[in-house]
Amino acid sequence: MATSPEAQAAVPRAVVEGLVVEVPPTGPVVEVPPTGPVVTDVPGWEGPDGEGPDGEAPVEQEARSRVAAVATAITARDRRPGSRVLGVSGTRRPYPPHLWRYVDRVPPTARPVVLDVDTGVDDACALLLAATHPALQLRAVTCVGGNAPVDDVVRNTLTVLEAAGRSDVPVARGAERPLLEHPTDARHVHGEDGMGDLGWPAPTLRPEPRHAVELLRDTCMAAADAGEQVTLVPTAPLTNIALLLRTYPATARGIAEIVFMGGAAQSGNATASAEFNVFHDPEAAAIALDAAADLAIPVTMYGLDVFYDPVVAAAEADELVAVGGRGAAELAGRLIQFQCERFGRDAATIGDAGAVCAVLDPGGLTTQVLPIRVELAGRWSRGRTIVDRRDWSGDLSHDPHGEPPVRVRVALGVAHERYSALWRDTILSAGATR
Ligand SMILES: [Ca+2]
């Protein structure tokens with residue numbers, strides 16, 4: 001059975017602050033696992049004894065304060081070349097010796113996610129976060145035509161996963177065109193190759209033979225059979241998702257929720273009315289939302305009302321690029337640099353990556369559950385998500401259209417600095433992994 005985002009947020013989770021910290025080769029060793037005792041060989045510093053139940057507030061608070069104290073002590077020391085780093089929740093990643101970061105709120109069990117993408121500069125940003133955050137298990141990535149033709153999307157997606165060192169994640173090619181609309185693309189935003197024309201080496205990874213819809217089905221059903229549920233994060237036209245939910249409705253029992261980038265309560269970008277992903281395939285968006293409502297899958301819409309707000313400054317992009325090694329950090333920095341240059345700004349949005357942040361940190365969104373319809377007709381408004389924000393029951397009960405069957409949790413505000421930091425710090429901690 002699907003669990004609502006509200007119900008999930010209410011589940012107490014054992015949360016201890018994870019720490020990524022520089023450790024000189026012969027210096028102290030600090031490990032902060034997501035649960036249980038904090039282990040350290042820093043003289044005079046004893047971790048919590050772990051006797052409290054997981055998630056018990058005093059243990060968490062003590063861990064946080066001790067971690068903060070150790071971090072302060074260590075960062076005050078001389079930092080030497082060749083120092084090594086212990087990562088978060090047992091992961092050990094190379095890390096640039098001049099940097100250290102906290103990674104906040106690492107839950108004890110990584111949450112399974114699947115991204116459906118049209119990579120895409122900002123899809124790449126989303127993939128880098130999903131591929132490197134220790135609180136997520138990226139189970140699969142499915143591709144759809146959108147920002148670029150689907151074959152370019154597949155190549156770009158494999159490029160990103162290879163840079164992030166995630167050759168283990170299956171990637172599948174999906175719908176090459178919308179259900180009804182003629183395909184278009186957004187190369188004027190994303191570059192000729194769809195991903196910033198960075199001149200990055202072609203990937204050695206290959207997609208798997210299954211169609212994206214089959215990979216989605218198999219991943220969701222495998223999760224359901226294991227008593228788990230996957231969070232679907234579409235950051236692209238919803239063609240694959242519409243096909244999945246109508247063709248294989250039984251997959252709903254393996255889907256916890258859908259957090260999609262698309263739509264807008266206010267204005268559009270592809271047209272004055274419509275956001276690109278929904279405009280690209282309005283029928284798919286309408287079908288996906290209707291099917292999700294039919295199947296009681298909770299849906300969060302991370303749309304244009306919040307999309308542009310989390311930004312990363314050009315100077316921060318330079319810091320990411322400086323990590324080098326053609327890994328996740330360098331690629332992330334170059335994607336931000338590309339956008340800054342293309343739009344002549346000194347900062348750029350993390351775009352679709354905000355939808356992944358919304359999975360990691362749902363409290364960073366201000367949302368309202370609202371009725372929604374996708375406009376499939378209007379000459380100037382086709383592809384618009386019509387979000388009903390009226391609050392007077394008199395208007396609602398006299399509306400000749402009746403009540404929309406679909407209600408969606410609509411993101412209306414975002415703690416943008418929190419999301420920017422989550423993205424930047426996670427990818428910095430992944431460093432030059434490749
Ligand atoms: Ca996208």
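Basis of the calculations
- Residues numbered from 1 in each chain as written.
- Predicted model: local features only at pLDDT ≥ 70, side-chain atom pairs only at ≥ 80, totals over all residues.
- Helix = DSSP H or I, 4+ residues; strand = E, 2+ residues; numbered from the N terminus.
- Buried ≥ 20, exposed ≤ 12 C-beta atoms within 10 Å, placed from the backbone.
- Contact = placed C-beta atoms within 7 Å.
- Core = buried A, V, L, I, M, F, W, Y, C linked by C-beta atoms within 7 Å.
- Pairing = 2+ DSSP bridges.
- Axes fitted to C-alpha atoms, helices over the stretch in contact; angles between N-to-C directions.
- pLDDT = per-residue confidence, 0-100.

Peer 1: Which parts of the structure should I look at to understand the overall build of the protein?
Peer 2: The secondary structure content of the protein amounts to 15 helices and 16 strands. A burial count over the protein gives 51% of its 434 residues as buried. Of the contacts made within the protein by residues no fewer than 6 positions apart, 80% connect residues no fewer than 24 positions apart.

Peer 1: What is the right way to read the environment of Asp 168 from this model?
Peer 2: By the secondary structure assignment, Asp 168 is in the loop between helix H4 (150-163) and strand S8 (171-173). The class of Asp 168 is exposed, set by 9 C-beta atoms lying within 10 Å.

Peer 1: So what exactly am I meant to see when it comes to the nonpolar core here?
Peer 2: Soluble globular proteins tend to pack their nonpolar side chains together in the buried interior. Leu 127, Leu 128 and Ala 288 are the most contacted members of the largest nonpolar core, which has 112 residues in total. Among the elements that take part in this core, helix H3 (residues 121-132) stands out by supplying 9 residues, more than any other. What Ala 288 contacts, discounting residues up to four positions off in sequence, is Leu 238, Ile 241, Ala 242 and Leu 245.

Peer 1: How should I be thinking about the sheet that holds strand S6 (residues 111-117) in this particular structure?
Peer 2: In a beta sheet, neighbouring strands pair by backbone hydrogen bonds and run either parallel or antiparallel. An order of S8-S7-S6-S9-S10-S11-S16-S14-S15 is seen for the 9 strands of this open sheet, with the pairing classed as mixed. Of all strands in the sheet, those bounded by a partner on one side alone are S8 and strand S15 (385-387). When strand polarity is set aside, the average angle formed by the axes of neighbouring strands in this sheet is 30°. By the bridge criterion, 4 bridges tie S6 to strand S9 (residues 230-234) in an arrangement that is parallel. Along S9, the bridge assignment pairs Leu 115 with Val 233. Here helix H6 (residues 212-225) sits on the sheet in contact with S6, strand S7 (136-143), S8, S9 and strand S10 (255-261), set at roughly 155° to S7.

Peer 1: Sorry if this is basic, but what is going on with the confidence of the model for the protein here?
Peer 2: It should be kept in mind that the predicted coordinates are not to be read in detail where pLDDT is low. Of all residues in the protein, 74% attain a pLDDT of 70 or more, and the chain-wide mean is 79. Note that pLDDT drops below 50 for residues 1-108; the model gives that stretch 172 contacts with residues more than four away or on any other chain.

Peer 1: I would appreciate a short explanation of the pairing of strand S11 (residues 299-302) in the present structure.
Peer 2: Each regular strand displays side chains that alternate between the two surfaces of the sheet. Of the two faces of S11, the one holding Val 299 and Met 301 and the one holding Thr 300 and Tyr 302 are both buried throughout. Pairing of S10 with S11 involves 4 bridges; the strand directions are parallel. Residue pairing in the sheet places Val 259 in a bridge with Thr 300 of S11. One ladder, built from 2 bridges, connects S11 with strand S16 (residues 407-414); its direction is parallel. By the bridge assignment, Thr 300 is partnered in S16 with Arg 409.

Peer 1: Looking at this structure, I do not really get unusual backbone geometry. What am I missing?
Peer 2: A negative phi holds for most residues other than glycine; trans holds for most peptide bonds. Gly 120 follows Thr 119 through a cis peptide bond whose omega is -10°. Mapped onto the elements, Gly 120 comes out in the loop between S6 and H3. The backbone of Ala 296 shows a phi angle near 60°, a positive value even though the residue is not glycine. The residue Ala 296 is located in the loop between helix H9 (282-294) and S11 in this model.

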